[in-house]
Amino acid sequence: MIITKIEIDNFGKYKNFTLDLNAGLNVILGRNEAGKSTLCAFLYAMFYGLPNESKKLGIREDARKRYLPWSGDAMSGTVYFEHDGRSYILSRKFAKTKRGDKVSLKDGTTWEEIDDISADDIGHRFLGLGEGGFLKTLFISQLGAAISPDGDDEVLKKLSNLGQSGAEDTSYQAASAAIFKAQHEIISKSERAGILPRLEQEKEQLEYELAESKRVSEKFKNDAILQNQLKQETEQLNENLSELKKQKELAKAHQRMLDAQKTKNELNILSERKSENDKRIEEQQKKLDECNKQFEQYKFTENISQSDLIALAQTENEFNSLKEELRDIDALKERLIVLKEQQQELINKQKPSINIKMLIIAAAISVLVIIFGVTLSLAYLILLPIGILFGVGSFIGRFGSKTKKEELVILEDECKKVSHKCIVATDDGSNGKKGFVTDVLKELIEEGNNYDLVIAIGPLVMMKFVSKLTKEYGIKTIVSMNPVMIDGTGMCGGCRVTVGGETKFACVDGPDFDGHLVDFDEAIMRSKTFNKQEQQAKEEHICKRFGGAL
């Protein structure tokens, strides 16, 4: 194996360090504490990993504590090497425990991930030595070359194997025992136990499961076809329902138009009858006046001729007829009042808007009815059906609903007083617009509004996605971070946030930061650190003022 390049992101004193190695022997010189041992320890950690952090060991004995950077950043780096004519790229990022470490091994030519080599087997695979043998041969620390007295020393085993089998990794006794064991594991002497009989059973089981899977798959396929058919039928029914609703609305509108037409015809008939009755009343009134004059002439006449009596009787009959006609006119007036009320109800239901064409028609009708002695209000009764017939009416609706969550929205009136525009958005649409604040902001931006600055204050998730949206449009964004703060001096580190790759403290450096530079994923993860304690405090806390758990 040949190491060609070393890149250290963070490890001990090294940060963003790169070392290119030449072919052949490379000698690294440096003064004491220059980092030579740290560099060797980095190579050891990259190929064999680091043991878990131990509370019993001190910082010198515990490698995870010893080489942890002062900045608190995670230890990480990359090694480029060649083995058997193939190049590799090995990357590791160390956490507090070995389980949290992230290891990546890629082909140096294609950069494809290599999955057939486990993280614990990388050193043994490419160096041919376990961790113990590596520490006693290729990497020898102080007092690190001693032979283990218990016979479990890897170097001692290799020397013994060379003497017995001529190969350092092959032990004759171990090989013989392994062959014998493997033979009986494959099939026992009775041929009833072992790997082979078990595999035969598993094969039969798998063949049965395969047949069952095919049957179930065929059933699912048929169910999927049926489901698709039902979905298409449902969509068709929904379309038919929508069309029927439209036809129903058109039918209602047509019925309203017919009712209005009928009312108009009745009004026209009543208007004509009224005009005729007015003429008849005027004629009868003239006759009555003439009779009165004649009656006055004969009032003081004692001797009245028979012809005059007949004329008086005829006049009296005509007078009584006129009285009956007057009563009919009064009934017609009452009928007009009822029709007027019905017409007003239709107007209240439809409320047509008056445009220029309607005003001209209304003015013309008003002049006509004034001439014939009808009140001006009758013009508006006639105006409604005419507007509907000409199709110039429009309906204005006002819809409102009282939300059950309006008490959760605070300072709405105060915000409206100090801002040009105040838009409220709720998840369920119970108040203002339905949706998230990012939906409203995106809609405003795409409408062509230009904004120089966006300020987001609230939950971390909300501020994260607001910043993500404004970054796409190049709008500067300020967010207000609210992590846990204890002393307010930056000493405790509880309010630590990462901004632009640098560690900041919200209590002294903030709380306001550039939203495009804040590491929200880290902040969200840190905010969950004390979830368990917060929940426990919430359940067990007793309010001293009101009493009872909060």
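Residues numbered from 1 in each chain as written. Predicted model: local features only at pLDDT ≥ 70, side-chain atom pairs only at ≥ 80, totals over all residues. Heavy atoms only, no water.

With that settled, consider the sheet that holds strand E12 (residues 512-514). Strand order in this open sheet of three strands is E8-E9-E12, and the pairing throughout is mixed. The open sheet is flanked by strand E8 (453-456) and E12, the only strands paired with a single partner. Shown here is a sheet whose adjacent strand axes are inclined to one another by a mean of 25 degrees, direction ignored. In the sheet, strand E9 (residues 476-480) pairs with E12 via three bridges, with the strands oriented antiparallel. Within E12, the position partnered with Val 479 by the bridge is Phe 513. (Pairing = 2+ DSSP bridges. Helix = DSSP H or I, 4+ residues; strand = E, 2+ residues; numbered from the N terminus. Axes fitted to C-alpha atoms, helices over the stretch in contact; angles between N-to-C directions.)

Pairing between strand E1 (residues 2-11) and strand E2 (residues 14-20): six bridges, direction antiparallel. By the bridge assignment, Asn 10 is partnered in E2 with Lys 15. As consecutive antiparallel partners, E1 and E2 are separated by two residues, and within that stretch Gly 12 has a phi angle of approximately 60 degrees, a positive value.

Turning next to the pairing of E8. Only one face of E8 is covered, namely the one carrying Val 454 and Ala 456; the face carrying Leu 453 and Ile 455 has none of its residues buried. Both E8 and E9 contribute to a ladder of four bridges, which runs parallel. Looking across to E9, one finds that Ala 456 is bridged to Val 479. Tracing the backbone out of E8, into helix H13 (residues 460-473) and back to the parallel element E9 gives a crossover that is right-handed. (Buried < 20%, exposed > 50% of the residue type's maximum accessible area, 1.4 Å probe, protein only. Right-handed = clockwise from strand over helix to strand, strands pointing away.)

Take the packing of helix H12 (residues 437-446) against H13 next. For the pair H12 and H13, interaxial distance at closest approach is 10 Å and the crossing angle is 15 degrees. Considering the angle they form, H12 stands roughly parallel to H13. Every pair of crossing elements has a handedness; the one defined by H12 and H13 is right-handed. Facing Val 437, Thr 438, Leu 441, Lys 442, Ile 445 and Glu 446 of H12, the residues of H13 in contact are Met 462, Phe 465, Val 466, Leu 469, Thr 470 and Tyr 473. When its residues are assigned to classes, the contact of H12 with H13 shows eight nonpolar, two polar and two charged. (Parallel < 35°, antiparallel > 145°, perpendicular 65-115°, else oblique. Left-handed = near helix turned anticlockwise from the far one by under 90°. Contact = heavy atoms within 4.5 Å. Nonpolar A, V, L, I, M, F, W, Y, C, P; charged D, E, K, R; others polar.)

Now for the confidence of the model for the chain. Summarising the model, the chain shows a mean pLDDT of 77, and 71% of its residues fall at 70 or more. Element-level pLDDT for the chain is lowest in helix H10 (residues 377-390), with a mean of 34, against a maximum mean of 97 in E12. For the stretch residues 143-147, pLDDT sits under 50, and the model shows eight contacts to residues farther than four places along the chain or on other chains. Across residues 351-404 the pLDDT falls below 50, and counting only partners more than four positions away or on other chains, this stretch makes 64 contacts in the model. (pLDDT = per-residue confidence, 0-100.)

Take the environment of Phe 11 next. Topologically, Phe 11 is positioned in strand E1. Among the residues examined, Phe 11 registers a relative accessible area of 0% and is labelled buried. Placed 27 residues apart in sequence, Phe 11 and Thr 38 show a C-alpha to C-alpha distance of 7.9 Å. Not counting residues up to four positions away in its chain, the partners in contact with Phe 11 are Thr 38, Ala 41, Phe 42, Ala 45, Tyr 67, Pro 69 and Met 75.

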